[in-house]
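So you can see what is in the structure, the chains are spelled out below.
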Amino acid sequence: MYRTHTCGELRIGNAGQKVTLAGWVQRTRKLGGMTFIDLRDRYGITQLVVESDADASLLGTATSLGREYVIQAIGTVVERQSKNSKMPTGDIEIKLDKINILNKSMTPPFTIEDESDGGEDIRAKYRYLDLRRNPLQKALALRHKLAHEIRNYLDAHDFMEIETPYLIKSTPEGARDFVVPSRMNPGEFYALPQSPQTFKQLLMVAGYDRYFQIVRCFRDEDLRADRQPEFTQIDCEMSFVEQDDVLNMFEGMMRTLFKNVIGVDVPDPLPRMSWFDAMDNYGSDKPDVRFGMTIHEITDKVKGKGFSILDEAKYVGAIAVQGGAEYTRKQIDELTEWVKRPQVGAKGLIYIKLNTDGSVKSSIDKFYASEDLKAIGEAVEAKTGDIILIMSGNEKRKVQTMLGVLRIEMGNRLGMRDPKVFAPLWIIDFPLLEWSDEDNRFYAMHHPFTAPKPEHMDLFYSNKKEDLERVCANAYDFVLNGTELGGGSIRIHDSEVQKRMFEVLGIGSEEAEYKFGFIIHAFQYGAPPHGGLAFGFDRVCALFAGKDTIRDFIAFPKNNMGRDVMIDSPSRIDQMQLDELHIDIRKEQ
Ligand code: ASP
């Protein structure tokens, strides 16, 4: 037997017992002839001690131990002289009779401590060592706990976990597919699923009623900081449901997770906000509602005073930033440069300061009397001491989005985005379609299987762009603290409506048949009304831990270039493999 106890287990009540522990050497230190060894495993750390009068071979072994050696330690539990109340095992130590070295270790390239001295790259290369560190062990334990609670909740509500294939068909709409060449079918490719969307709908057609899967999905996108090419979704689908049924079921699930995993109570029911209100008031379809500072339209308030930029703008909006009247010229210049960065894309920033002495100072006071500026302040619900930040332009949604980005930045600067405060809500009533000027066509805002609202069916069959733009979908997103954690919709279940959807999206009937024939046909064989959603599981984990990067919650993640630097992938394959796959690699131009 390698061990009788784990390194996190022994307490004062075990004093006097003979025990055997096994684990990794965290550190050793000598003190007055005694050798102390901190022995670590997943469960904790236990202090081992070799007395100065121990036999020579034991003393010799104890002093030879290096960091991360794997040892078996045999001895007696004794009460510690100097207790450590910060450690669960801090009241005891093990007085050793014997040490067996199970395996030696090279000196690790960075310290295996909560705060490691290793940089990100080196830790990624030696991920198996990084994973030994406490913060990562905690992160993966949280992930496990969440997955467990999710399965419990969904099982209790009659959901069946059903696996769907990973080798499917390429139907890029939205993100790019990862493709896999087929050796047995030369010139043909599988695609890895961006989501099991069509399969879960087919499971509804097949009568499974309630499905879920904690499932890997793949999207070949340019990676931003918080994206991974493979990620995990909690993917769910239900039959015979309306929007309310889906929202109630899954806010129930999220409420259970908040309560059982991190002991947080969230409102019951959760707030619901229409997409239009989210855009108008927060400039985002994933509003952070932990703080106010909402956007106000002031288009009517600024016209006719001879300031051409605002006179000509179709939309003028503003936010009031608490305490901002104290900003110096330099701070305002810095903020103006900040909004001009390509990530925000504004042309400039107009400000009005409501000084605490009652005076008003503004970048536009040449055109506006102090009364006009105060009236704007009132419209924006600004208080004395605030600064009002104004943006304008011809496209309302674009200006609102820029103000939304600025609002988040100011929220960060003012410390209004505490990760330990949780403000979940649903965003509902999304537009069904999004027009792309660039491609001169509509795209599905969610995906092409999302149903138009029944009351918008007439608009959906209109051939006018303005009508189609007004069609709303039975689609919803679950948003937490400015992040979209999940989303879904009530689906189309009528093959004619589905065909119309492809037509609206400019997908010709032949192409629709080639790519999506299977689902159109399935809908002709008794498809029940159905709907569902999917949550980004990695993000759920990160946000529950109050963190914003998902990488720590994935055991073996990729870096920003989509590389796994530990196994060094992607990598070349040899000529024989290429030949078998009928693939020629083009020489770099
Ligand atoms: N499949 C969708 C997605 O990945 C979610 C859903 O509609 O259920 O975003």
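Residues numbered from 1 in each chain as written. Predicted model: local features only at pLDDT ≥ 70, side-chain atom pairs only at ≥ 80, totals over all residues. Heavy atoms only, no water.

What follows deals with the overall build of the protein chain. When helices and strands are counted, the protein chain shows 17 helices and 22 strands. Along the first, second and third principal axes, the C-alpha atoms of the protein chain reach 95 × 75 × 55 Å. The contacts of the protein chain with a sequence gap of at least 6 include a subset with a gap of at least 24, amounting to 66%. (Helix = DSSP H or I, 4+ residues; strand = E, 2+ residues; numbered from the N terminus. Contact = heavy atoms within 4.5 Å.)

In spatial order, the strands read 6-9-10-22-21-20-17-11; together these 8 strands make up an open sheet with mixed pairing. In this open sheet, the two edge strands, each paired with only one partner strand, are strand 6 (160-161) and strand 11 (272-274). In terms of strand pairing, strand 21 (residues 483-490) meets strand 22 (residues 530-536) through 5 bridges, oriented antiparallel. Following the sheet pairing, Gly488 is matched in strand 22 by Leu533. (Pairing = 2+ DSSP bridges.)

As for its placement among the helices and strands, Leu406 is situated in helix 11 (residues 396-413). Sequence separation of Leu406 and Leu335 is 71 residues, and the distance between their C-alpha atoms is 9.2 Å.

So, on to the site of the ligand. Contacts to the ligand come from Ser195, Gln197, Lys200, Arg219, Gln233, His446, His447, Gly487, Gly488, Arg491, Leu533 and Ala534. The contact in question runs from an oxygen atom of the ligand to an N or O atom on the side chain of Lys200, over 2.6 Å. Contacts to the ligand include His446, whose side-chain N or O atom sits 2.8 Å from an oxygen atom. Coverage of the ligand by the protein amounts to 88% of the 270 Å² it exposes when considered alone. Residue assignment for the shell around the ligand shows that the elements contributing at least two residues are helix 5 (197-205), strand 21 and strand 22. Split by residue class, the shell around the ligand holds 2 nonpolar, 7 polar and 3 charged. (Near = heavy atom within 4 Å. Polar contact = N/O pair within 3.5 Å; in protein donor to acceptor, adjacent residues only side chain to side chain. Areas by Shrake-Rupley, 256 points an atom, 1.4 Å probe, with all protein chains shown as cover. Nonpolar A, V, L, I, M, F, W, Y, C, P; charged D, E, K, R; others polar.)

On to the packing of helix 9 (residues 329-340) against helix 11, then. Between helix 9 and helix 11, the shortest axis-to-axis distance is 11 Å and the interhelical angle comes to 135 degrees. As the angle between them shows, helix 9 and helix 11 are arranged oblique. By crossing handedness, the relation of helix 9 to helix 11 is classed as right-handed. Facing Glu334, Leu335, Trp338 and Val339 of helix 9, the residues of helix 11 in contact are Val405, Leu406, Glu409, Met410 and Arg413. Considering only residue class, the contact of helix 9 with helix 11 consists of 6 nonpolar, no polar and 3 charged. (Axes fitted to C-alpha atoms, helices over the stretch in contact; angles between N-to-C directions. Parallel < 35°, antiparallel > 145°, perpendicular 65-115°, else oblique. Left-handed = near helix turned anticlockwise from the far one by under 90°.)

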